[in-house]
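Close look at the chain arrangement
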Amino acid sequence: MGDTLEFNEIYQEVKGSWNDGRLRFSKQNVVYKSSKTGKVESIPAGELNLAQWRRVCLGHGIKLGTSTGHIYKYDGFRDTDFERISEFFKANYKVELSEKDMCVKGWNWGTAKFSGPLLSFDINDNTAFEIPLSNVSQCATGKNEVTLEFHQNDDTEVSLMEVRFYVPPSQADERQDPVEAFAQNVLSKADVIQATGDAVCIFKELQCLTPRGRYDIRIYPTFLHLHGKTFDYKIPYTTVLRLFLLPHKDQRQMFFVISLDPPIKQGQTRYHFLILLFSKEEDINLTLNMSEEDVERRFEGKLSKNMSGSLYEMVSRVMKALVNRKITVPGNFQGHSGAQCITCSYKASSGLLYPLERGFIYVHKPPVHLRFEEISCVNFARGTTTTRSFDFEIETKQGNQYTFSSIEREEYGKLFDFVNAKKLNIKNRGFKEGMKGKIDEYSDSDDDQHDAYLERMKAEGKIREEGNDSDESGGESDESFNPGEEDDDIAEEYDSNASASDSSEEGDESEDESAKKKKAKKAKVVKEKKERKPRKEKKQKDTGGPKRPMSAYMLWLNSSRERIKSENPGISITEISKKAGEMWRQLGKDEKEEWETKAGEAKRQYDKLKKEYTESGGGSTSKKESKKSGGKKDEKKRKSAGGDKDRERGGGNDSFKSREFIETSEESSSDSDHKSKSKRKKESDDEEEEAVSTPASSEEESD
C-alpha cells in the first residue's frame, strides 16, 4: 500500500449545500480542498480518535472525530473503497474504521445527544439525523419546546428554515428546567452573533466601496460589525476566506479587500467582497480595549495594546490577528508604468486588475477573484473599438468567461511574460502538454512561498526611519512601494535633457534627417492600374414560376402555430419559434413520418409543375430582360467614352505649347505615335462591338 490515498469528487456539507473537492489521506495528516472556494482543511494524524463508515445519500461517507472535539464528515465514497481505507487507517493512524448503521424507520421520538459541535437524534442507539450546531442562527424556547433557526445558503434550491423539538418535563431534577438546559447546550456551540460586551477597537468613518458608503467598523472578538447611516452588517470571522492589501495605481491610496463566503446580504443583493479604501497619508494612534496581559495571551505578540502608524496598516494588522489568515499582496508583476496593476474595464466599468502570485483579482465593480487552479486558459484578443488596446480573456474550468477590455497596448509584453511564467495555457498559441508543470493541488491559494506583506511592512518601516533621520524639514515624502525604481525613472528623465547645447545639436541633426526622409518619400513609384473584372449579374427571381414546397417542419409549424399561441397567451414571435423547435425535437418518429410524407408529396407536385412551366417557355422572359438592361449599360459606356475622346481632340487644337514642350516634343513623338495607334485600335474594336450588338437588340425588340 502506498503512502497516500487520494479521492476525487468527495463532497462536504456546508450549510445545506454539497461542495465537491479532493481528499487525501497521508501518514502525517488528512487534507481536504474545496473546489469552489479553494479553502484547505487539514487534520493532523495524531489528533484522530474516531472513524466511522456510514451509508449516506451520496453513496458512503466517513465521519472523523478529533481529540480537540471537532467533527468532520466527507461523503461520496464507493462501497469498494472501504477495505483500502480501513487497512490504511489501521496501519498509519492506529484507528479502526467501524461501520455504523443509520436509522431509517422515520420515527420522530428519540433521544437528543450533544457530542461536540453536533446534535444527534438517536432512535434505539442508531442515529436518525445530525445537526451541525454551527449552522444554527437563533434558538428560541417555549413552554415545552425548543425552536432552532438556521443560516440560509443562496447556493441551495431548498433550505431548512427551522426545527422544533418537544422536550417533556423531567421529574428527576426539578432545580433545572430541561428546556433551558437544552437551549444552553445549543447556544454554547451555535453560531449566534450577539453584540455583548465591549468592542476590541473601533475605526470611525472608513470609506467603503462595497457596500458603498462610510461605516464605523467595530472589531469584536468573534465578528466584525459595520455600522452605517442606513444599514448594519455583522460579519463572523469564520466567513472570511482571504485578505488582500492592494496599492492603488496612483501610489497614494490603498485597497483592503476582505473575501467572504457566504456573502453579506442586503435585500436581493449579495456582497462577496468587502472593499475599503484608505489614503496612505492618514495615520492613527490605536489603543485596544483590553489589558496588556489579555492582549499578550490572546494574540501572542501579533498585536500590542498601544499601536500607531498608517490607518490601512493598523486595520490590516488587527484583521490578520483576529481572522488568523495571511494577507495577500501583489507579487513581482510590474506594468510598463511601474505600477503593480493594470487599468482595464470589466462589464462596462473601469477598474484595476492585479496579477497575484496564485491568481488574479479585479477591483472594484464588480470585484472578481480568479485562482490559477480554476483557470482553464487565457486569451489575448484584439480590442473591438481601437487598435491601441487589447482584451484579456480568462476562461474557467466551469465554462465561465471573464473579459477584461481596454488594456493599453504597452501592457501586453509584461502581462504575456507573467502568464507565461505562471505556466497558464494561452489559447492563442494552442494548448501545449506540460505547460502546467507540477502544482501542489492541496496547497492553499493564498499560501505564498514568502510573506510578501511582512516584507512590505519592513520596507516601509525603513523608508520611514530614513525620512525621520534626514535633515530636510517641511518636505513630505510620497514614495511608492519600490522607491528605488522611481529614482531610476527620474534619473532617466534628467539624462534625456542633460544640456541645451547637446539637445540643439541633436535637433539640427534630426531636422536634416527628417528633410532627407521627406525627399525619399516624394519619389514614389506609380503602379499601373489593373483593369477591373466585370461584375457578375445577379439572378433575377422568376415570379411566374411555381412556389417551392415547404419542409416537413414548416408544414407542421403552420398547423400547430395557433395551438401554441392558445397554450401560451402573450407569447412573442421569437418565443413561438423556440417553443416550436423544442416541440418538434420531442416528436416521435411516427408523428414526424406523417409530415415527412406530406412534404415528399409536395416536392413531387412541385417538380411536376416546374417541368411543365419550363417546357411551356416560362423563365425565358427574365433572361431577355437582363440582356436588355445589359445592352443599355453598354450604350451608356460607349456614349461617355465618345464624349471623352471628342474633348481630347478639341482641347489639342486650342492648347498653348511652351518652349520646353517644343524642345521635348521630338523626343516624345514615338510615344505619342504609339498611343495614337492604340487609341485607333480601341475605336475600331468599339465599332465592331456596336455592329455586333445592334442587330441582337433589334431582334429582341421585334420579339
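What you are looking at is a predicted structure, and each value in this text was computed from that prediction instead of being measured.

Definitions and cut-offs
Residues numbered from 1 in each chain as written. Predicted model: local features only at pLDDT ≥ 70, side-chain atom pairs only at ≥ 80, totals over all residues. Heavy atoms only, no water. Helix = DSSP H or I, 4+ residues; strand = E, 2+ residues; numbered from the N terminus. Contact = heavy atoms within 4.5 Å. Expected span 1.5 Å × (residues − 1). Buried < 20%, exposed > 50% of the residue type's maximum accessible area, 1.4 Å probe, protein only. Pairing = 2+ DSSP bridges. Axes fitted to C-alpha atoms, helices over the stretch in contact; angles between N-to-C directions. Parallel < 35°, antiparallel > 145°, perpendicular 65-115°, else oblique. Left-handed = near helix turned anticlockwise from the far one by under 90°. Nonpolar A, V, L, I, M, F, W, Y, C, P; charged D, E, K, R; others polar. Phe/Tyr/Trp six-rings, centres within 6.5 Å; stacked < 30°, edge-to-face > 60°. Core = buried A, V, L, I, M, F, W, Y, C linked by side-chain atoms within 4.5 Å. Salt bridge = Lys/Arg side-chain N within 4 Å of Asp/Glu carboxyl O.

With that out of the way, let us pick up the environment of tyrosine 166. Mapped onto the fold, tyrosine 166 is located in strand β14 (residues 162–166). When the C-alpha positions of tyrosine 166 and lysine 143 are compared, they lie 9.3 Å apart, and in sequence the two are 23 residues distant. Excluding anything up to four places from it in sequence, tyrosine 166 contacts Trp109 and Asn144.

It helps to recall that an α-helix has 3.6 residues per turn; residues three or four apart then point in one direction. Over its 14 residues, helix α10 (residues 573–586) runs 20 Å from end to end, which matches the ideal 20 Å to within 8%, given 1.5 Å per residue. Restricting attention to buried positions, one finds in α10 the residues Ile576, Ala580, Gly581, Met583 and Trp584. Buried positions along α10 lie against α9 (552–567) and α11 (589–615).

Hydrogen bonds between backbone atoms are what pair the strands of a sheet, whose relative direction is either parallel or antiparallel. Read across the open sheet, the three strands follow the order β9-β10-β11; overall the sheet is antiparallel. Two strands close off the open sheet at either side, each with one partner strand: β9 (111–115) and β11 (126–132). Taken pair by pair, the neighbouring strands of this sheet meet at an average axis angle of 25 degrees, ignoring direction. With five bridges joining them, β9 and strand β10 (residues 118–123) adopt antiparallel strand pairing. The residue bridging phenylalanine 114 from the neighbouring strand is leucine 119, located in β10.

We now examine the packing of α9 against α11. Two numbers describe how α9 lies on α11: the axes approach to 8 Å, and their chain directions differ by 110 degrees. As judged from the angle between their axes, α9 and α11 are roughly perpendicular. Where α9 crosses over α11, the handedness of that crossing is right-handed. Across the interface between the two elements, Ala552, Leu555, Trp556 and Ser559 from α9 touch Trp595, Glu596, Lys598 and Ala599 from α11. Grouping the amino acids of the contact of α9 with α11 by side-chain chemistry returns five nonpolar, one polar and two charged.

For any pair of aromatic rings, the description consists of the separation of the ring centres together with the inter-plane angle of the planes. Enumeration according to the criterion identifies 32 aromatic pairs in this entry. Ring geometry for phenylalanine 7 and phenylalanine 77: centres 5.2 Å apart, planes at 80 degrees, overall edge-to-face. Taken together, the residues phenylalanine 7 in strand β1 (residues 4–14) and phenylalanine 77 in strand β7 (residues 71–77) connect sequence positions 70 residues apart. Taking the relative accessible area as the measure of exposure, phenylalanine 7 reaches 7% and is therefore buried. Centroid distance tyrosine 553 to tryptophan 584: 5.7 Å. Interplanar angle 70 degrees. Geometry classified as edge-to-face. Of the two residues, tyrosine 553 is situated in helix α9 and tryptophan 584 in helix α10; the sequence distance between them amounts to 31 residues.

Before going further, it helps to spend a moment on the nonpolar core. Counting 43 residues, the largest nonpolar core has Phe203, Ile219, Leu224, Phe256 and Met319 as its most contacted members. Among the elements that take part in this core, helix α4 (residues 311–323) stands out by supplying nine residues, more than any other. If we skip the residues at most four places from it in the chain, phenylalanine 256 touches Leu243, Phe244, Leu245, Leu274, Ile275, Leu276, Phe278, Val315, Ser316, Met319 and Ile327. Phe333, Cys344, Tyr346 and Leu415 belong to the second-largest nonpolar core, a separate cluster that totals 25 residues.

Taken as a whole and judged by the stated rule, the model has 16 salt bridges. In this structure, glutamate 130 engages lysine 73 in a salt bridge whose closest nitrogen and oxygen atoms are separated by 3.3 Å. Linking glutamate 130 in strand β11 with lysine 73 in strand β7, this pair joins segments that are 57 residues apart in sequence. Note on glutamate 130: relative accessible area 15%, which makes it buried. Arginine 371 is the salt-bridge partner of glutamate 374, the closest N and O atoms lying 3.7 Å from each other. Judged by relative accessible area, which is 14%, glutamate 374 ranks as buried. Here the residues in one salt-bridge network are Lys33, Arg371, Glu373 and Glu374, joined through shared partners.

The next subject is the sheet that holds strand β24 (residues 327–328). Strand order across the open sheet formed by eight strands is β18-β17-β16-β15-β21-β20-β19-β24, with mixed pairing between neighbours. Both edges of this open sheet fall to β18 (232–236) and β24, since each of them pairs with a single strand only. Sheet analysis places strand β19 (residues 240–247) next to β24, joined by two bridges and oriented parallel. In the strand pairing of β24, leucine 243 is matched with isoleucine 327. Together, β15 (201–210), β16 (213–219), β17 (223–227), β19, β20 (253–266), β21 (269–279) and β24 form the strand contacts of α4, whose direction differs from that of β15 by roughly 100 degrees.

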